[in-house]
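Per-entry structural report
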Amino acid sequence: QVQFVESGGGLVQPGGSLRLSCAASGSSFPFYAMGWSRQAPGKQHEFVAHITNGGYTNYADSVKGRFTISGDIAKNTVYLQMNKMQLEDTAVYYCNARGATTGGSEFTSWGQGTQVTVSS
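In this report, the structure presented in the accompanying data block is examined. Position labels on residues start from 1 in each chain and follow its written sequence. Restriction of local features to residues with pLDDT of at least 70 applies here, the model being predicted, together with a cutoff of 80 or more for giving and counting side-chain atom pairs; totals for whole chains, interfaces and linings are based on all residues. Only hydrogens and water are set aside; all other atoms, that is, all heavy atoms of the structure, feed into the side-chain values.

1. Describing the packing of aromatic side chains
The rule is short: rings of Phe, Tyr and Trp, with Trp giving its six-membered ring, pair when the centres are within 6.5 Å, and they are stacked under 30 degrees, edge-to-face over 60, tilted in between. Under the definition given, this model contains 2 aromatic pairs. One aromatic cluster in this structure is built from Phe29, Phe31 and Phe107. For Arg19, the ring lying beneath its charged end belongs to Tyr79, and the centroid distance is 4.5 Å. Lysine and arginine charges are scored as sitting over a ring when NZ or CZ, respectively, is within 6 Å of the ring centre and within 35 degrees of the ring normal.

2. Some words on the nonpolar core
Ranked by internal contacts, the top residues of the largest apolar core, which has 30 residues, are Trp36, Leu80, Met82 and Tyr93. Elements that contribute at least two residues to this core include exactly β3 (18–25), β4 (31–39), β5 (46–52), β7 (67–72), β8 (77–82), β9 (91–100) and β11 (114–118). Every residue in contact with Leu80, bar those within four places of it in the chain, is listed here: Leu18, Arg19, Leu20, Trp36, Val48, Ala49, Phe67, Thr68, Ile69 and Tyr93. The definition of a nonpolar core used throughout is a set of buried Ala, Val, Leu, Ile, Met, Phe, Trp, Tyr and Cys residues joined through side-chain atoms within 4.5 Å. For every residue, the accessible area (1.4 Å probe, protein chains only) is compared with the maximum for its type, and the residue is labelled buried under 20%, exposed over 50%, or partly exposed between those bounds. A run of DSSP states H or I qualifies as a helix once it reaches four residues; a run of E qualifies as a strand once it reaches two. Both are numbered from the N-terminal end. Only heavy atoms enter the contact rule, under which two residues are in contact if any of them lie within 4.5 Å.

3. Details of the environment of His50
Along the chain, the position of His50 falls in strand β5. A sequence separation of 22 residues divides His50 from Asp72, and the C-alpha atoms of the two residues are 12 Å apart. Excluding its chain neighbours within four sequence positions, the residues that come into contact with His50 are Met34, Gly35, Tyr56, Thr57, Asn58, Ile69 and Arg98. Here a polar contact means two N or O atoms within 3.5 Å. Within protein one must be a hydrogen donor candidate and the other an acceptor candidate, and residues neighboring in sequence count only if both atoms are side-chain atoms. Side chain to side chain, His50 and Arg98 meet in a polar contact 3.1 Å long.

4. Overview of the pairing of β11
Along β11, the buried face is formed by Thr114, Val116 and Val118; none of Gln115 and Thr117, which line the opposite face, is buried. As judged from the 3 bridges shared by strand β2 (residues 10–12) and β11, these two strands associate in the parallel manner. Across the sheet, the residue bridging to Val12 is Val118, located in β11. Summarising the sheet, β9 and β11 pair through 3 bridges and their orientation is antiparallel. Counted as the bridge partner of Val92 is Gln115 from β11. In this analysis, strands are considered paired if DSSP registers two or more bridges between them.

The following block contains the structure:
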């Protein structure tokens, strides 16, 4: 069973910065991508960013230019640098990792989430 260690969440003022970290372990198969998603109170779970083992990155429009994802997929680690944070960024942030079995079945594993609160 895949286990995640997420850290870096907390309280930040509007315009401030936070850096989330995630390390995964215990997978029987390699990951090919890792990323972050979030869920705000009363809202649907939404994609934030991901990075592939080839270094390709993708971002939600709402965070482009403010958030930067980085990591080493081979080491099962991913980070999310969040700058110029806005009240709307308040949410529980979830790390995720995607891989495939030797049979070709894809799977996604999820972390337990870390709370990020933007408030003055």
